[in-house]
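A structural walkthrough
Each chain, written out:
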Amino acid sequence: MSKVYCQECGFRNTEDGKYCSKCGALLPDEGAGAQSTIRYSPEAEEREPDIGSLAEVAEGVSLVVRSGGGLAGEVFSPSGEKTTIGRHPDSDIFLDDITVSRNHALLIHKPDGFFIQDQGSLNGTYVNRVRAETRKLSDGDQVQIGKYKLIYMER
């Protein structure tokens, strides 16, 4: 028997139910769960793994994954004026998890720095645990996209 994820709380339910066993929300139709983004609370605490020394981060701007999806320690270096972030396989920064929208956010390079811009995602984009539609990033800021926590670094 396959499982259906609640789009409100993320609880895994059996496919024969119409409502979530945990929160009571209406479950998606059969097959829709695999194509939908589920809700994720940025307050959901998880222990962040030690990713070791960040000495190997290249010069310039980088987003380093602190936790989420088994990508801890992975470094993304944006190139160009806009860097797409999302669950869509063509995203410049591909975060393959159902808590991430297909076209979740943009990292935009402007003359006065880098900005993160949410693209109407279900779970939002957070900078230092505060929801942000558009926000200028500073060295050391934590960006949360779905269950992924990334650190913005300028070297």
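Here, every reference points to the structure presented above.
The notes below deal with the structure included here. Fair warning: this is a prediction, and the values are worked out from it, not measured in the lab.

Here is what the cut-offs are and how they apply
Residues numbered from 1 in each chain as written. Predicted model: local features only at pLDDT ≥ 70, side-chain atom pairs only at ≥ 80, totals over all residues. Heavy atoms only, no water. Helix = DSSP H or I, 4+ residues; strand = E, 2+ residues; numbered from the N terminus. Polar contact = N/O pair within 3.5 Å; in protein donor to acceptor, adjacent residues only side chain to side chain. Core = buried A, V, L, I, M, F, W, Y, C linked by side-chain atoms within 4.5 Å. Buried < 20%, exposed > 50% of the residue type's maximum accessible area, 1.4 Å probe, protein only. Contact = heavy atoms within 4.5 Å. Phe/Tyr/Trp six-rings, centres within 6.5 Å; stacked < 30°, edge-to-face > 60°.

1. Considerations on the side chain of Ser121
Along the polypeptide, Ser121 turns up in the loop between strand 8 (113-118) and strand 9 (125-127). Only 2.6 Å separates the side chain of Ser121 from the side chain of Asp118, close enough to count as a polar contact. Of note is the side chain of Ser121, whose polar atom sits 3.0 Å from the backbone nitrogen of Gly124.

2. Section: the nonpolar core
Ranked by internal contacts, the top residues of the largest apolar core, which has 20 residues, are Leu63, Ile85, Leu95, Leu107, Ile116, Leu137 and Ile145. In this structure, Leu95 is in contact with Leu71, Ile85, Gly86, Arg87, Val100, Ile145 and Tyr148, ignoring residues within four places of it in sequence.

3. Structural notes on the packing of aromatic side chains
Counted by the stated rule, this structure contains one aromatic pair. Pairing Phe114 with Tyr152 gives two aromatic rings, centres 6.3 Å apart and planes at 55°, and the pair type is tilted. Remark: Tyr152 occurs in strand 13 (residues 148-154) and Phe114 occurs in strand 8; sequence separation between them is 38 residues. The pair Phe114 / Tyr152 is uniform in exposure class, with both members buried.

4. A word on unusual backbone geometry
For Asn128, which is not a glycine, the phi torsion comes out positive at approximately 50°. By the element assignment, Asn128 lies in the loop between strand 9 and strand 10 (130-131). Even without glycine at this site, Arg129 takes up a positive phi of about 70°. On the secondary structure map, Arg129 appears in the loop between strand 9 and strand 10.

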